[in-house]
Amino acid sequence: MRLAELSRHSGVSTATIKYYLREGLLPPGRQINATTAEYGEEHLRRLRLVRAMIQVGRLPVSTVREVLGHVDDESLGRSIRLGAALWALPQVPEPDEDDEYVRAAHREVAALLDRLGWENAKLLTTISPAYRSLVVAVAALRRLGYDWGAERLAPYAELMHRTAVLDLDNLEAQPSEAERVETAVLAAILNEPLLRALHRLAQEEETARRYGFE
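Residues numbered from 1 in each chain as written. Predicted model: local features only at pLDDT ≥ 70, side-chain atom pairs only at ≥ 80, totals over all residues. Heavy atoms only, no water.

> What is the right way to read the UniProt feature "domain: HTH merR-type" (unreviewed entry) in the chain from this model?
Mapped onto the present numbering, the UniProt feature "domain: HTH merR-type" (unreviewed entry) falls at residues 1-70. End C-alpha to end C-alpha, residues 1-70 measures 26 Å, and it is 61% helix and 6% strand. (UniProt positions renumbered as here; feature names shortened; annotations may be inferred. Helix = DSSP H or I, 4+ residues; strand = E, 2+ residues; numbered from the N terminus.)

As structure tokens, then:
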């Protein structure tokens with residue numbers, strides 16, 4: 001398809017598409033002549049991903065460029081490629097390792113990983129933003145007097161593991177490696193708000209079942 005068709009199918013203006021091309025967020029089309037290029041379904045798919053990252057994820061162009069650089073890096077293995085793309089997304093600040101609540105949270109999260117047998121997660125504790133986010137959250141809860149430790153966290157972690165299995169089943173159904181990584185990035189931006197909404201809806205349902213609408 002030509003640029004005007006790409007704009008029509010994607011709902012993105014030609015001026016914005018040209019900007020994404022200049023910024024390296026969209027790969028160049030196949031040149032037909034000096035002034036005309038042809039674009040395919042991969043450009044349409046990438047445009048949707050870029051728009052989701054910028055409009056829904058509120059990510060700056062520089063971060064989007066970094067994430068997409070990992071998405072397109074075919075020299076990386078799948079796990080590293082996925083991890084690099086996801087870890088380039090905004091993360092929580094580093095926890096204060098001198099804080100007693102942070103130290104306690106590290107112990108509880110380590111105990112949780114032992115309890116679950118998540119050996120790969122244990123290997124990534126020094127570099128994983130997800131591990132760091134969990135430590136920060138547990139430390140904040142403990143600071144407020146809520147004793148969230150390994151035993152209380154375990155049932156929730158097991159539910160999240162089942163969710164991760166579904167996520168990767170969906171990812172593996174994608175036809176190409178680039179589409180698999182794109183799906184993972186899109187899921188990180190869109191699925192987490194979706195899961196949060198489902199969680200709250202489930203809480204509303206269970207609350208009404210237990211206590212009615214009084």
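> When you look at the packing of aromatic side chains in this model, what are you seeing that I'm missing?
For any pair of aromatic rings, the description consists of the separation of the ring centres together with the inter-plane angle of the planes. Inspection of the entire model under this criterion finds two aromatic pairs. Look at Tyr19 and Tyr20: their rings are 6.0 Å apart centre to centre, the planes differ by 45°, and that puts the pair in the tilted class. Centroid distance Trp148 to Tyr156: 5.5 Å. Interplanar angle 55°. Geometry classified as tilted. Its guanidinium or amino end placed over the ring of Trp148, Arg152 lies 5.3 Å from that ring's centre, counting from NZ or CZ. (Phe/Tyr/Trp six-rings, centres within 6.5 Å; stacked < 30°, edge-to-face > 60°. Lys NZ or Arg CZ within 6 Å of the ring centre and 35° of its normal.)

> Any chance you could explain the packing of helix H1 (residues 3-10) against helix H3 (residues 41-56) here in plain terms?
The relative placement of two packed helices comes down to the angle between their axes together with the axis-to-axis distance. Packing of H1 against H3 leaves a shortest axis separation of 10 Å and a crossing angle of 50°. One element, H1, and the other, H3, form an angle in the oblique class. Here the hand of the crossing between H1 and H3 comes out right-handed. Taking contact as the criterion, the partners of Leu6, His9 and Ser10 in H1 are, on H3, His43, Leu44, Leu47 and Arg48. (Axes fitted to C-alpha atoms, helices over the stretch in contact; angles between N-to-C directions. Parallel < 35°, antiparallel > 145°, perpendicular 65-115°, else oblique. Left-handed = near helix turned anticlockwise from the far one by under 90°. Contact = heavy atoms within 4.5 Å.)

> What should I look at first to understand the nonpolar core in this one?
Side chains that are nonpolar tend, in soluble globular proteins, to be buried together. Grouped together as the largest cluster of nonpolar side chains are 29 residues, with contacts concentrated most on Leu6, Met53 and Leu68. Breaking this core down by element, the ones donating at least two residues are H1, helix H2 (14-22), H3, helix H4 (61-71) and helix H10 (177-211). (Core = buried A, V, L, I, M, F, W, Y, C linked by side-chain atoms within 4.5 Å. Buried < 20%, exposed > 50% of the residue type's maximum accessible area, 1.4 Å probe, protein only.)

> Where do I start with helix H8 (residues 129-143) in this structure?
In an α-helix, one turn spans 3.6 residues; hence positions three or four apart end up facing the same way. For H8, with 15 residues, the first-to-last C-alpha span of 21 Å sits near the 21 Å given by 1.5 Å per residue. Those residues of H8 lying buried are Pro129, Tyr131, Arg132, Val135, Val138 and Ala139. The opening residue of H8 is Ser128, an N-cap whose side-chain oxygen sits 3.2 Å from the backbone nitrogen of Ala130. (Expected span 1.5 Å × (residues − 1). Polar contact = N/O pair within 3.5 Å; in protein donor to acceptor, adjacent residues only side chain to side chain.)

> Please clarify how the side chain of Thr36 should be interpreted in this entry.
Along the chain, Thr36 turns up in the loop between strand S1 (30-31) and strand S2 (37-38). Overall, the relative accessible area of 18% leaves Thr36 in the buried class. Beyond its immediate sequence surroundings of up to four residues, Thr36 is in contact with Arg2, Arg30 and Gln31.

> I would appreciate a short explanation of the pattern of salt bridges in the present structure.
Opposite charge on two side chains allows them to pair when their charged atoms are near. Taken as a whole and assessed by the stated rule, the structure comprises 12 salt bridges. Residue Glu94 pairs with Arg132 through a salt bridge whose shortest N-O separation is 3.4 Å. With Glu94 in the loop between helix H5 (78-87) and helix H6 (100-116) and Arg132 in helix H8, this pair connects stretches of sequence that are 38 residues apart. Note that Arg209 is salt-bridged to Glu205, the shortest N-O span being 2.7 Å. (Salt bridge = Lys/Arg side-chain N within 4 Å of Asp/Glu carboxyl O.)

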